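Observations on chain architecture
Listed below, chain by chain, are the residues.
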Amino acid sequence: MLLLITGSADGTADRLVSRYGDGIFRINYDLWKEYELSFTNDGWEIVSPTGLIINSDSVTCAYWWKAFSFFALGDDKYVKSEIKYILKDIYGWCSLNGLTKGNPIEYHNKFGKMTINTLAKNYFTLPKTLVTVGNYGIDSLAGKSVIAKSLSSEQADDGSVLHTTEVPLNSLDASFPWLLQEKVVSNWDVTIFYCNSQVFGFKRNRESLKGLDWRAEQDPLMREQEWFPFEVEEKTRVSLNSLSEDLGVEFGRYDFMENSVKELEFLEFNANGQWVFLDITDRYGLLDCVVNWLKS
(Lines give C-alpha, C1' and ligand atoms only; values in the text may rest on other atoms or scores of the structure.)
Protein backbone atom coordinates (compact mmCIF):
# COMPACT_ATOMS: atom_id res chain seq x y z
CA MET A 1 0.00 0.00 0.00
CA LEU A 2 1.24 3.50 -0.89
CA LEU A 3 1.60 5.93 2.03
CA LEU A 4 0.94 9.48 0.83
CA ILE A 5 2.07 12.05 3.41
CA THR A 6 0.49 15.38 2.48
CA GLY A 7 -2.09 17.99 3.53
CA SER A 8 -5.85 18.15 3.26
CA ALA A 9 -6.06 21.18 0.95
CA ASP A 10 -3.67 19.94 -1.74
CA GLY A 11 -5.30 19.58 -5.17
CA THR A 12 -2.39 17.56 -6.56
CA ALA A 13 -2.83 14.98 -3.81
CA ASP A 14 -6.58 14.89 -4.57
CA ARG A 15 -5.85 14.01 -8.20
CA LEU A 16 -3.29 11.38 -7.27
CA VAL A 17 -5.70 9.65 -4.89
CA SER A 18 -8.52 9.75 -7.45
CA ARG A 19 -6.40 8.29 -10.27
CA TYR A 20 -4.48 5.82 -8.10
CA GLY A 21 -7.55 3.87 -6.99
CA ASP A 22 -7.29 1.20 -4.31
CA GLY A 23 -4.07 0.65 -2.42
CA ILE A 24 -3.32 4.18 -1.23
CA PHE A 25 -3.36 5.58 2.30
CA ARG A 26 -3.41 9.36 2.64
CA ILE A 27 -2.39 11.00 5.89
CA ASN A 28 -3.00 14.73 6.09
CA TYR A 29 -0.51 16.39 8.41
CA ASP A 30 -2.87 19.24 9.26
CA LEU A 31 -5.65 16.80 10.27
CA TRP A 32 -3.45 14.59 12.43
CA LYS A 33 -6.04 14.44 15.24
CA GLU A 34 -8.34 12.39 12.99
CA TYR A 35 -5.81 9.52 12.81
CA GLU A 36 -4.54 6.96 15.29
CA LEU A 37 -0.85 6.05 15.19
CA SER A 38 1.66 3.90 17.04
CA PHE A 39 5.39 3.46 16.42
CA THR A 40 7.47 0.98 18.44
CA ASN A 41 10.85 -0.65 18.02
CA ASP A 42 9.07 -3.41 16.11
CA GLY A 43 7.25 -1.19 13.61
CA TRP A 44 4.48 1.36 13.11
CA GLU A 45 0.78 1.46 12.27
CA ILE A 46 -1.64 4.23 11.26
CA VAL A 47 -5.45 4.07 11.24
CA SER A 48 -7.41 6.54 9.10
CA PRO A 49 -10.70 8.22 10.09
CA THR A 50 -12.53 5.63 7.95
CA GLY A 51 -10.77 2.67 9.57
CA LEU A 52 -8.24 1.99 6.81
CA ILE A 53 -4.98 0.64 8.21
CA ILE A 54 -1.42 0.88 6.95
CA ASN A 55 1.61 -0.39 8.80
CA SER A 56 5.26 -1.31 8.44
CA ASP A 57 4.26 -4.70 7.05
CA SER A 58 1.75 -3.51 4.44
CA VAL A 59 3.48 -0.36 3.16
CA THR A 60 5.02 -0.77 -0.29
CA CYS A 61 6.02 2.84 -0.91
CA ALA A 62 5.99 6.23 0.82
CA TYR A 63 5.59 9.51 -1.06
CA TRP A 64 6.05 12.88 0.62
CA TRP A 65 4.09 15.65 -1.07
CA LYS A 66 3.91 19.20 0.36
CA ALA A 67 3.15 17.85 3.83
CA PHE A 68 4.31 20.84 5.82
CA SER A 69 2.79 23.45 3.53
CA PHE A 70 -0.32 22.96 5.67
CA PHE A 71 -0.79 23.80 9.31
CA ALA A 72 -3.07 22.45 11.99
CA LEU A 73 -4.75 25.65 13.11
CA GLY A 74 -4.93 26.15 16.85
CA ASP A 75 -2.30 23.54 17.68
CA ASP A 76 0.60 24.48 19.89
CA LYS A 77 3.88 25.00 18.06
CA TYR A 78 5.48 22.24 20.12
CA VAL A 79 2.69 19.78 19.27
CA LYS A 80 2.98 20.52 15.56
CA SER A 81 6.72 19.99 15.74
CA GLU A 82 6.22 16.64 17.45
CA ILE A 83 3.72 15.49 14.79
CA LYS A 84 6.09 16.64 12.06
CA TYR A 85 8.90 14.68 13.70
CA ILE A 86 6.80 11.50 13.89
CA LEU A 87 5.89 11.66 10.20
CA LYS A 88 9.48 12.37 9.24
CA ASP A 89 10.51 9.39 11.35
CA ILE A 90 8.04 7.10 9.55
CA TYR A 91 9.23 8.43 6.19
CA GLY A 92 12.80 7.80 7.35
CA TRP A 93 11.89 4.22 8.28
CA CYS A 94 10.49 3.74 4.77
CA SER A 95 13.61 5.29 3.24
CA LEU A 96 15.87 3.02 5.30
CA ASN A 97 13.95 0.05 3.92
CA GLY A 98 14.08 1.26 0.30
CA LEU A 99 10.36 2.07 0.19
CA THR A 100 10.26 5.75 -0.84
CA LYS A 101 9.56 7.56 -4.10
CA GLY A 102 10.38 11.12 -5.04
CA ASN A 103 12.44 13.60 -3.10
CA PRO A 104 12.25 14.23 0.66
CA ILE A 105 11.21 17.65 1.91
CA GLU A 106 14.81 18.43 2.90
CA TYR A 107 16.23 17.73 -0.57
CA HIS A 108 17.33 21.32 -1.15
CA ASN A 109 19.23 21.26 2.14
CA LYS A 110 21.50 18.74 0.42
CA PHE A 111 21.69 20.46 -2.96
CA GLY A 112 20.94 24.18 -2.99
CA LYS A 113 20.53 26.35 -6.05
CA MET A 114 24.21 27.16 -6.55
CA THR A 115 25.35 23.58 -6.02
CA ILE A 116 22.79 22.43 -8.60
CA ASN A 117 24.02 25.14 -10.97
CA THR A 118 27.55 23.78 -10.62
CA LEU A 119 26.30 20.42 -11.87
CA ALA A 120 23.96 21.87 -14.50
CA LYS A 121 26.72 23.85 -16.23
CA ASN A 122 28.16 20.51 -17.40
CA TYR A 123 25.14 20.10 -19.65
CA PHE A 124 23.47 23.49 -20.23
CA THR A 125 24.19 27.16 -20.77
CA LEU A 126 23.55 29.20 -17.61
CA PRO A 127 23.15 32.95 -17.09
CA LYS A 128 25.83 34.45 -14.86
CA THR A 129 24.65 34.00 -11.26
CA LEU A 130 25.88 35.36 -7.94
CA VAL A 131 24.92 34.79 -4.30
CA THR A 132 26.26 37.67 -2.24
CA VAL A 133 26.39 38.82 1.35
CA GLY A 134 27.57 42.36 1.92
CA ASN A 135 27.32 42.97 -1.85
CA TYR A 136 30.61 41.13 -2.17
CA GLY A 137 31.39 40.26 -5.79
CA ILE A 138 28.67 42.34 -7.47
CA ASP A 139 31.29 43.97 -9.68
CA SER A 140 31.24 40.74 -11.70
CA LEU A 141 27.76 41.75 -12.90
CA ALA A 142 28.65 45.35 -13.73
CA GLY A 143 27.16 46.57 -16.99
CA LYS A 144 24.58 43.77 -17.15
CA SER A 145 20.83 43.82 -16.65
CA VAL A 146 20.32 41.93 -13.39
CA ILE A 147 17.39 40.25 -11.67
CA ALA A 148 17.00 39.31 -7.99
CA LYS A 149 15.43 36.02 -6.95
CA SER A 150 14.76 34.19 -3.70
CA LEU A 151 16.95 31.32 -2.57
CA SER A 152 14.51 29.83 -0.06
CA SER A 153 11.15 30.95 -1.51
CA GLU A 154 10.10 31.71 2.07
CA GLN A 155 7.80 34.56 3.07
CA ALA A 156 9.06 37.61 4.94
CA ASP A 157 7.62 38.43 8.36
CA ASP A 158 5.04 40.69 6.71
CA GLY A 159 3.88 37.88 4.42
CA SER A 160 5.49 39.29 1.27
CA VAL A 161 7.35 37.13 -1.24
CA LEU A 162 10.30 38.09 -3.44
CA HIS A 163 9.39 37.23 -7.00
CA THR A 164 11.88 37.58 -9.82
CA THR A 165 12.53 41.33 -10.06
CA GLU A 166 14.91 43.43 -12.14
CA VAL A 167 17.16 45.49 -9.87
CA PRO A 168 19.83 48.17 -10.38
CA LEU A 169 23.10 47.03 -8.82
CA ASN A 170 23.81 50.42 -7.26
CA SER A 171 20.57 50.29 -5.26
CA LEU A 172 21.12 46.94 -3.48
CA ASP A 173 21.04 47.02 0.31
CA ALA A 174 24.34 45.51 1.50
CA SER A 175 22.71 44.37 4.75
CA PHE A 176 20.50 41.97 2.79
CA PRO A 177 21.54 38.62 1.22
CA TRP A 178 20.96 38.49 -2.55
CA LEU A 179 20.63 35.91 -5.30
CA LEU A 180 21.42 37.83 -8.47
CA GLN A 181 21.30 36.62 -12.04
CA GLU A 182 22.02 38.10 -15.43
CA LYS A 183 18.69 38.83 -17.11
CA VAL A 184 17.84 36.55 -20.02
CA VAL A 185 15.89 38.31 -22.77
CA SER A 186 13.28 35.84 -23.94
CA ASN A 187 9.77 35.54 -25.30
CA TRP A 188 9.31 32.14 -23.66
CA ASP A 189 9.40 30.58 -20.23
CA VAL A 190 10.18 26.87 -20.48
CA THR A 191 9.73 24.17 -17.88
CA ILE A 192 10.38 20.47 -18.24
CA PHE A 193 8.69 18.01 -15.92
CA TYR A 194 10.83 14.95 -15.27
CA CYS A 195 9.47 11.67 -13.93
CA ASN A 196 11.06 8.23 -14.13
CA SER A 197 13.24 9.23 -17.14
CA GLN A 198 10.23 10.64 -19.01
CA VAL A 199 10.31 14.31 -19.95
CA PHE A 200 7.35 16.63 -20.59
CA GLY A 201 8.28 20.01 -22.05
CA PHE A 202 5.99 23.04 -21.71
CA LYS A 203 6.32 26.66 -22.83
CA ARG A 204 4.54 29.84 -21.82
CA ASN A 205 4.63 33.02 -23.90
CA ARG A 206 5.95 36.02 -21.96
CA GLU A 207 4.57 38.77 -24.17
CA SER A 208 1.44 39.30 -22.06
CA LEU A 209 3.27 39.33 -18.71
CA LYS A 210 3.22 42.59 -16.78
CA GLY A 211 6.35 41.66 -14.80
CA LEU A 212 9.22 39.21 -15.05
CA ASP A 213 7.94 36.33 -12.92
CA TRP A 214 5.12 34.26 -14.40
CA ARG A 215 4.28 32.87 -10.93
CA ALA A 216 3.04 36.29 -9.83
CA GLU A 217 0.45 36.26 -12.63
CA GLN A 218 -0.52 32.59 -12.69
CA ASP A 219 -4.22 31.84 -12.28
CA PRO A 220 -4.42 29.87 -9.01
CA LEU A 221 -7.78 28.40 -10.03
CA MET A 222 -6.29 26.95 -13.24
CA ARG A 223 -9.32 27.87 -15.31
CA GLU A 224 -7.42 27.98 -18.59
CA GLN A 225 -4.40 26.17 -19.98
CA GLU A 226 -1.50 28.64 -19.70
CA TRP A 227 1.37 26.30 -20.62
CA PHE A 228 1.56 24.35 -23.86
CA PRO A 229 3.60 21.26 -24.72
CA PHE A 230 6.55 21.14 -27.09
CA GLU A 231 8.81 18.34 -28.28
CA VAL A 232 12.00 18.17 -26.24
CA GLU A 233 15.08 17.63 -28.40
CA GLU A 234 16.97 14.39 -27.94
CA LYS A 235 20.13 16.25 -26.88
CA THR A 236 18.17 17.93 -24.08
CA ARG A 237 16.63 14.62 -23.02
CA VAL A 238 20.06 13.03 -22.73
CA SER A 239 21.38 16.01 -20.76
CA LEU A 240 18.40 15.92 -18.38
CA ASN A 241 18.86 12.22 -17.75
CA SER A 242 22.54 12.77 -16.98
CA LEU A 243 21.88 15.76 -14.73
CA SER A 244 19.11 13.89 -12.91
CA GLU A 245 21.52 11.02 -12.28
CA ASP A 246 24.09 13.49 -10.91
CA LEU A 247 21.42 14.98 -8.63
CA GLY A 248 20.18 11.56 -7.54
CA VAL A 249 16.58 12.24 -8.56
CA GLU A 250 13.96 10.59 -10.71
CA PHE A 251 11.32 13.28 -10.24
CA GLY A 252 11.21 17.08 -10.39
CA ARG A 253 10.79 20.15 -12.56
CA TYR A 254 13.54 21.93 -14.49
CA ASP A 255 13.07 25.61 -15.38
CA PHE A 256 14.66 27.27 -18.40
CA MET A 257 14.28 30.30 -20.62
CA GLU A 258 14.65 30.24 -24.38
CA ASN A 259 17.19 32.89 -25.36
CA SER A 260 17.43 34.93 -28.57
CA VAL A 261 19.10 32.08 -30.49
CA LYS A 262 16.42 29.60 -29.30
CA GLU A 263 18.84 27.91 -26.92
CA LEU A 264 17.59 26.75 -23.52
CA GLU A 265 19.33 28.49 -20.62
CA PHE A 266 19.11 26.63 -17.33
CA LEU A 267 17.58 28.56 -14.41
CA GLU A 268 16.89 26.08 -11.61
CA PHE A 269 15.70 22.66 -10.51
CA ASN A 270 12.75 22.26 -8.15
CA ALA A 271 12.83 18.89 -6.41
CA ASN A 272 9.23 19.13 -5.22
CA GLY A 273 7.80 21.59 -7.69
CA GLN A 274 4.12 21.67 -8.58
CA TRP A 275 3.29 20.15 -11.97
CA VAL A 276 -0.50 19.79 -12.24
CA PHE A 277 -0.77 23.38 -13.54
CA LEU A 278 1.03 22.22 -16.69
CA ASP A 279 -1.77 19.78 -17.57
CA ILE A 280 -4.94 21.04 -15.93
CA THR A 281 -7.27 18.66 -17.80
CA ASP A 282 -5.00 15.59 -17.69
CA ARG A 283 -4.66 15.82 -21.45
CA TYR A 284 -0.92 15.38 -21.78
CA GLY A 285 -0.29 12.36 -19.57
CA LEU A 286 1.54 13.82 -16.56
CA LEU A 287 -0.86 12.43 -13.97
CA ASP A 288 -0.80 8.94 -15.46
CA CYS A 289 2.99 9.05 -15.60
CA VAL A 290 3.26 9.94 -11.91
CA VAL A 291 0.69 7.32 -10.83
CA ASN A 292 2.41 4.58 -12.85
CA TRP A 293 5.75 5.62 -11.36
CA LEU A 294 4.36 5.44 -7.83
CA LYS A 295 2.96 1.99 -8.55
CA SER A 296 6.17 0.66 -10.10
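Now for a quick tour of the structure. (Residues numbered from 1 in each chain as written. Predicted model: local features only at pLDDT ≥ 70, side-chain atom pairs only at ≥ 80, totals over all residues. Heavy atoms only, no water.)

The subject of this paragraph is the overall build of the chain. On a plain count of helices and strands, the chain comes out with 6 helices and 16 strands. A globule of 296 residues ought to have a C-alpha radius of gyration of about 19 Å, and the chain, at 21 Å, matches this closely. The C-alpha extent of the chain, read off along each of the three principal axes, is 65 × 45 × 35 Å. Here the chain, with 296 residues, has 45% of them falling under the buried criterion. (Helix = DSSP H or I, 4+ residues; strand = E, 2+ residues; numbered from the N terminus. Rg over C-alpha atoms; globule rule 2.2 N^0.38 Å. Buried < 20%, exposed > 50% of the residue type's maximum accessible area, 1.4 Å probe, protein only.)

What follows covers helix H5 (residues 234-247). For H5, built from 14 residues, the straight-helix expectation of 20 Å at 1.5 Å per residue is met to within 8% by its first-to-last C-alpha distance of 20 Å. For H5, the elements touching its buried residues are helix H3 (107-110), helix H4 (113-120), strand E12 (188-195), strand E13 (198-205), strand E15 (251-258) and strand E16 (264-270). Positive phi appears at glycine 248, one or two residues downstream of H5, with a value of about 70°. (Expected span 1.5 Å × (residues − 1). Contact = heavy atoms within 4.5 Å.)

Take the sheet that holds strand E10 (residues 165-167) next. Sheet architecture is open: 4 strands sit in the order E8-E11-E9-E10, paired in antiparallel fashion. Looking at the sheet topology across the chains shown, the edges are occupied by strand E8 (129-132) and E10. Between one strand axis and the next, the sheet turns by 35° as a mean value, whatever way the strands run. (Pairing = 2+ DSSP bridges. Axes fitted to C-alpha atoms, helices over the stretch in contact; angles between N-to-C directions.)

One non-glycine residue, lysine 66, adopts positive backbone phi at about 55°. The topology assignment puts lysine 66 in the loop between strand E6 (61-64) and helix H2 (77-96). Note on lysine 66: relative accessible area 22%, which makes it partly exposed. At asparagine 196, a residue that is not glycine, the phi angle is positive and equals roughly 55°. Inspection of the secondary structure assignment puts asparagine 196 in the loop between E12 and E13. According to the relative accessible area criterion, asparagine 196 is partly exposed, its value standing at 36%.

Counting residues in each nonpolar core, the largest one holds 26 residues, and the members touching the most others are Leu16, Tyr63, Phe193, Phe251, Trp275, Val290 and Leu294. Considering each element in turn, this core owes the most residues, 7 residues, to helix H6 (residues 286-295). Residue contacts for tyrosine 63: discarding those within four places in its chain leaves Leu2, Leu3, Leu4, Ile5, Leu16, Lys101, Gly102, Phe251, Trp293 and Leu294. In this structure, Leu240, Leu247, Tyr254 and Leu264 belong to the second largest nonpolar core, which totals 20 residues. (Core = buried A, V, L, I, M, F, W, Y, C linked by side-chain atoms within 4.5 Å.)

Ordered by their spatial adjacency, 5 strands build an open sheet running E14-E13-E12-E15-E16, and the pairing between neighbours is antiparallel. Every interior strand has two partners, whereas the edge strands, strand E14 (228-230) and E16, have only one. Neighbouring strand axes in the sheet, compared pairwise and without regard to direction, differ in orientation by 30° on average.

Within E13, 6 of the 8 residues are buried, which leaves it mostly tucked inside the rest of the structure. With 8 bridges joining them, E12 and E13 adopt antiparallel strand pairing. Bridging across to E13, tyrosine 194 finds its partner in valine 199. Connecting E12 to the next strand, E13, in antiparallel fashion are 2 residues, including asparagine 196 with a positive phi near 55°. Both E13 and E14 contribute to a ladder of 3 bridges, which runs antiparallel. Bridging across to E14, phenylalanine 202 finds its partner in proline 229.

What follows deals with the packing of aromatic side chains. All told, the structure shown has 24 aromatic pairs when counted by the stated rule. Judged by centre distance (6.2 Å) and plane angle (90°), the rings of tyrosine 194 and tyrosine 254 are edge-to-face. Of this pair, tyrosine 194 sits in strand E12 while tyrosine 254 is found in strand E15, placing the two residues 60 residues apart along the sequence. The buried category is assigned to tyrosine 254, whose relative accessible area is 0%. Aromatic pair phenylalanine 251 and tryptophan 293: ring centres 5.1 Å apart, planes at 5°, arrangement stacked. Linking phenylalanine 251 in strand E15 with tryptophan 293 in helix H6, this pair joins segments that are 42 residues apart in sequence. (Phe/Tyr/Trp six-rings, centres within 6.5 Å; stacked < 30°, edge-to-face > 60°.)

Read these as spatial facts, not as claims about activity.
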